[in-house]
Amino acid sequence: MARWCYRHRLVVVVLWVGVLFGLGAAGSTAGTDYSDNFSLPDTDSKQALDLMVEAFPQRSGDPNTVVWRVPEGSVRDAAVRERLDPVLEEIAGMKGVGEVASPYTEAGAAQISEDGRTAYAQVTFAEQANAVPKELVQDVVDTAGEARRDGLQVELGGQAITRIQEPPTGTAELVGLGAAAVVLFLAFGSLFAMSLPLVVAVFGVGTGMLSTMLLSHVTDVPEVAPLLGSLIGLGVGIDYALFIVTRHRKGVLRGMEPEEAAVIALNTSGRAVLFAGGTVCIALAGMLVMNMRFLDGVVIATSLTVVLSVLAAVTLLPALLGVLGKRVLSRRQRRRLAAEGPEPVEARGAAARWSMTVQKRPKSIALVAVVVMAALAVPVLSLRLGATDQGNHREDTTTRQAYDLLAEGFGPGFNGPLQLVTEDAAPAAVQALVERVRATEGVAQVAAMPSPPGSDVTVINVVPTTSPQSEATDRLIDTLRDEIVPQSGETVHVGGVTAVFKDFAAVTGDRLPYFIGAIIALGFLLLLIAFRSLVVPLTAAVMNLIAAAASFGVLVAVFQWGWGAEALGVGKEGPITAFLPVIMLSLLFGLSMDYQVFLVSRMHEEWVHTKDNARAVRVGLAETSRVINCAALIMICVFSAFVLSGDMEGAMAGIGLAAAVALDAFILRTALVPAAMHLLGRSNWWLPAGLEERLPHLAVEPKEEAQEPGPVHADGRATESAVPGPRAWAPVEEAGSVVYGFVRAPDGEPVADVVLTLVSTGGRQVDRVTSLADGSYILSAPSGGAYLLAVTAGAHEPWARHIMIGGDALVHDVVLSEVGASR
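Residues numbered from 1 in each chain as written. Predicted model: local features only at pLDDT ≥ 70, side-chain atom pairs only at ≥ 80, totals over all residues. Heavy atoms only, no water.

Observations regarding the overall build of the chain
The number of helices and strands found in the chain is 24 helices and 19 strands. Residues classed as buried in the chain amount to 56% of the 823 residues present. Of the contacts formed within the chain by residues at least 6 apart in sequence, a portion of 76% connects residues at least 24 apart. Element-wise, carbon and sulfur atoms account for 58% of the exposed surface of the chain, whose accessible area totals about 33,600 Å². (Helix = DSSP H or I, 4+ residues; strand = E, 2+ residues; numbered from the N terminus. Buried < 20%, exposed > 50% of the residue type's maximum accessible area, 1.4 Å probe, protein only. Contact = heavy atoms within 4.5 Å. Areas by Shrake-Rupley, 256 points an atom, 1.4 Å probe, with all protein chains shown as cover.)

Some remarks on the pairing of strand S1 (residues 64–69)
In terms of burial, S1 is a largely internal element, six of the six residues being buried. Side chains of S1 alternate between two faces, with Asn64, Val66 and Trp68 and Thr65, Val67 and Arg69 buried alike. Relative to strand S3 (residues 118–125), S1 runs antiparallel, the two sharing six bridges. Directly across from threonine 65, in S3, lies its bridge partner glutamine 122. (Pairing = 2+ DSSP bridges.)

Section: the confidence of the model for the chain
Overall, the predicted model of the chain reaches an average pLDDT of 82, with 89% of residues at or above 70. Element-level pLDDT for the chain is lowest in strand S19 (residues 821–822), with a mean of 40, against a maximum mean of 94 in helix H14 (residues 362–377). Per-residue pLDDT stays below 50 along residues 704–735; that stretch engages in 77 contacts with residues further than four places along the chain or on separate chains. In this model, residues 819–823 is a region of pLDDT below 50 whose contacts with residues beyond four sequence positions or in other chains number 13 contacts. (pLDDT = per-residue confidence, 0-100.)

Concerning the side chain of glutamine 333
Its location among the elements puts glutamine 333 in helix H12 (residues 331–340). A relative accessible area of 12% means that glutamine 333 is categorised as buried. Of note is the side chain of glutamine 333, whose polar atom sits 3.3 Å from the side chain of arginine 249. Excluding residues within four positions of it along the chain, glutamine 333 makes contact with Phe188, Arg249 and Leu253. (Polar contact = N/O pair within 3.5 Å; in protein donor to acceptor, adjacent residues only side chain to side chain.)

Re the packing of aromatic side chains
Per the stated rule, a full pass over the model turns up seven aromatic pairs. Judged by centre distance (6.3 Å) and plane angle (85°), the rings of tryptophan 16 and phenylalanine 203 are edge-to-face. Here tryptophan 16, found in helix H2 (residues 9–30), pairs with phenylalanine 203, found in helix H8 (residues 191–215); they are 187 residues apart in sequence, far enough to count as distant. No difference in accessibility class separates tryptophan 16 from phenylalanine 203, as the two residues are buried. When the ring of phenylalanine 410 is compared with that of phenylalanine 414, the centres are 4.7 Å apart and the planes differ by 25°; the resulting orientation is stacked. For the pair shown, phenylalanine 410 and phenylalanine 414 are each scored as buried. Ring-pair connections join several aromatic residues into one group, and the members of that group are Tyr120, Phe410 and Phe414. Arginine 327 extends its terminal NZ or CZ atom over the ring of phenylalanine 192, reaching a point 5.5 Å from the ring centre. Directly above the aromatic system of phenylalanine 742 lies the positively charged group of arginine 744, at a separation of 4.7 Å from the ring centroid. (Phe/Tyr/Trp six-rings, centres within 6.5 Å; stacked < 30°, edge-to-face > 60°. Lys NZ or Arg CZ within 6 Å of the ring centre and 35° of its normal.)

With respect to the environment of tyrosine 595
On the secondary structure map, tyrosine 595 appears in helix H21 (residues 580–610). What makes tyrosine 595 buried here is its relative accessible area of 1%. Sequence spacing of tyrosine 595 and alanine 665 is 70 residues, and the spatial spacing of their C-alpha atoms is 7.4 Å. Apart from residues no more than four positions distant in its own chain, tyrosine 595 is found in contact with Asp239, Phe243, Ile628, Ala631, Ala632, Met635, Val661, Asp664, Ala665 and Arg669. Side-chain polar atoms of tyrosine 595 contact the side chain of aspartate 239, separated by 3.3 Å.

A word on a negative patch on the surface
A contiguous patch of negative charge on the surface is contributed by Glu90, Glu135, Asp139, Asp142 and Glu146. Turning to its location among the elements, aspartate 139 is positioned in helix H5 (residues 134–145). (Patch = residues over 30% accessible without salt bridge, like charges linked within 9 Å, V, L, I, M, F, W, Y side chains within 5 Å. Salt bridge = Lys/Arg side-chain N within 4 Å of Asp/Glu carboxyl O. Lys, Arg positive; Asp, Glu negative; His and termini not counted. Charge placed at Lys NZ, Arg CZ, Asp CG, Glu CD.)

Side note on the side chain of serine 230
With respect to the element layout, serine 230 can be found in helix H9 (residues 225–253). Serine 230 sits in the buried class, given a relative accessible area of 0%. With residues near it in sequence (within four places) discarded, serine 230 still touches Glu173, Val205, Met209 and Phe642.

Describing unusual backbone geometry
Most peptide bonds take the trans configuration, and most residues that are not glycine carry a negative phi. With phi around 50°, arginine 532 is a residue other than glycine that occupies positive phi space. Its location among the elements puts arginine 532 in the loop between helix H18 (497–531) and helix H19 (535–560). In this model, aspartate 753 sits at a positive phi of 60°, which is unusual for a non-glycine residue. Tracing the chain through its elements places aspartate 753 in the loop between strand S11 (737–744) and strand S12 (755–760).

Section: helix H23 (residues 648–680)
Each turn of an α-helix holds 3.6 residues, which means side chains three or four residues apart point in the same direction. Its maximal kink placed at leucine 668, H23 deviates by approximately 50°. With 29 of 33 residues buried, H23 is to be regarded as a mostly interior element. Within two residues after H23, glycine 681 carries a phi angle of roughly 65°, on the positive side. (Bend = angle between axes of the 7 residues up to and from the residue.)

Right, dumping it as structure tokens:
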């Protein structure tokens, strides 16, 4: 497939462009129909909600408020009314506004605080908050703002108002892409190479988000789902393309033709991308274990975006590589390749030095890594699940100020009232229940609402003395359910937004262990099949749990304890959103599996060829740590940018995942995992013989195909027909073989001190030697098959050829010249 996409690049590019623009046209025509339903079946709050919707359908929408306050005097003063009455009338007359309940009417007397300095009007739009046009909301905000003057503060709150405070759609994505572009340019040194992962990510995320928009019309998709989909899609889309482009560039730098390098890159790194994408989707699908309808839409949006990102990486990317050809290298790299020939295969620089350090001091490095991760995980012990509201918004937002004004004027619990809902209750029983509730500690106000005509449903509004996010409010809900309601002898359900989120958090906490067990078991099974080892998947599972604990520790410190929350612009501290641990754990386990696959697959490849654990771990870390760290840095930039999304849950997910990726890549995968594997030795690759026979084969590395050795000359030298063309060859399963001969100048004189490197078609260095004084050399191959022989000579033109090694030794002389190379 990679070769077809490479050769038919224009067709592939046109198809992707057509799909993107087609989905864009369909999405803009159909619009969105997102649905935020946090309630759960078979919970007390859900039963209360169902009864209220049945009895009061007109009140099932999201309330919005206009709040005003005077520092002295009263809001009943004529001067205040003269400014507010016309404003409220104008808002009520706007098309799309259903009702405005003013405090200056007899029915609205309770909308003025006891001290007379705070009042509010309730604005009900004709549609749900996410369907109200932003232009209408802005008109309401602007009109209410006209009433402001010195000594009169006017603010607005509600879900619809929140929408106009959000940054323009795509701001977080654009900032993340810009930061990723800088990292990619520093890594590649080429504008063309830098653009490839970004283009692939844009197509993957773009088609994913547009598809999610269309799917929202046929299934329940929460409004946060496309945000989370773009967050994970940008991260994996850029990273997957980065892995493939890096492998492709290495192939070109080592003397391969661009088409051959692309095919091999897709056959190696592309396979790992498919496997990694599958693990991410499996981890995301683990959310279905929670049996929460709200999360089903998140699974759809995120999984679909990951699938399309992987599809773009394995189809669109090889087509773009075909468009660029050798321009995937920077100009300086192309000049150096022409002047000096293929570059050496072995890893050099800081990555190789660090890998040697880990091999020499595995115990001390492992100890330091464990201590750091344990220290960061300590805050997770105080994790409290709940819900964020407008009280967590930034202090400079009108929604936060409206929230604070209502809390100051009517009490902290006013922003999260509870509803006691009963059916077929006698008036005397309702009144007795009201009196018991009023006498309950933690209750500020209680009042029964009149039942609508023809309905037997009674609703009792209860205003706590504490805020919706307070633990005392949670205890009040428990007291009402466990003590007060049973004493009434009636069937009464405790509802309200605060009770809904409390139930959601309780159900999440109860089901979370099953969810974690499911995704760990699935990840363990996949790695077990892929790497034929019990220890490797067990190590990965432990590392994933460590990374999760440390990242949630960071999340608690920032968002629950408030360490730097205002400085980051994410608002006031509060509990961690109840559904966030499930989503974050899915994404975190999927991303951690990505890095584990890319790291261990290279180690496994080396282990299969050498059976030397120390070398396998050292080489695997040296050759993958740089690209893993680069990929992690890109993800950190992308995730951190979602602080700018204007969405508290998006900011939490962004900061949490950025911390998780940083800790996972920089501490676990490049320090603790290789150190542990050095300490475990050969047991890393142990698998019982009985299990080996029963496991299916799912190799991350390409299948090794047997190849017949090509014809040779009478003197043993390979003929031209033995040199493979663009096809990717693989070594045969035979005993080790050698290639030997002499390196000579055109006049026949031997050339000494020439570096000869034998490279497998997968890009792995097999052997490397320096020619002797008489020009002789001998290289060892682990098996027969196709290889690349690269020669670097200081005073001569560099040289590279494909050779085919059979079961016997191959004689291969190299002739160097000033203008080129010949056999």
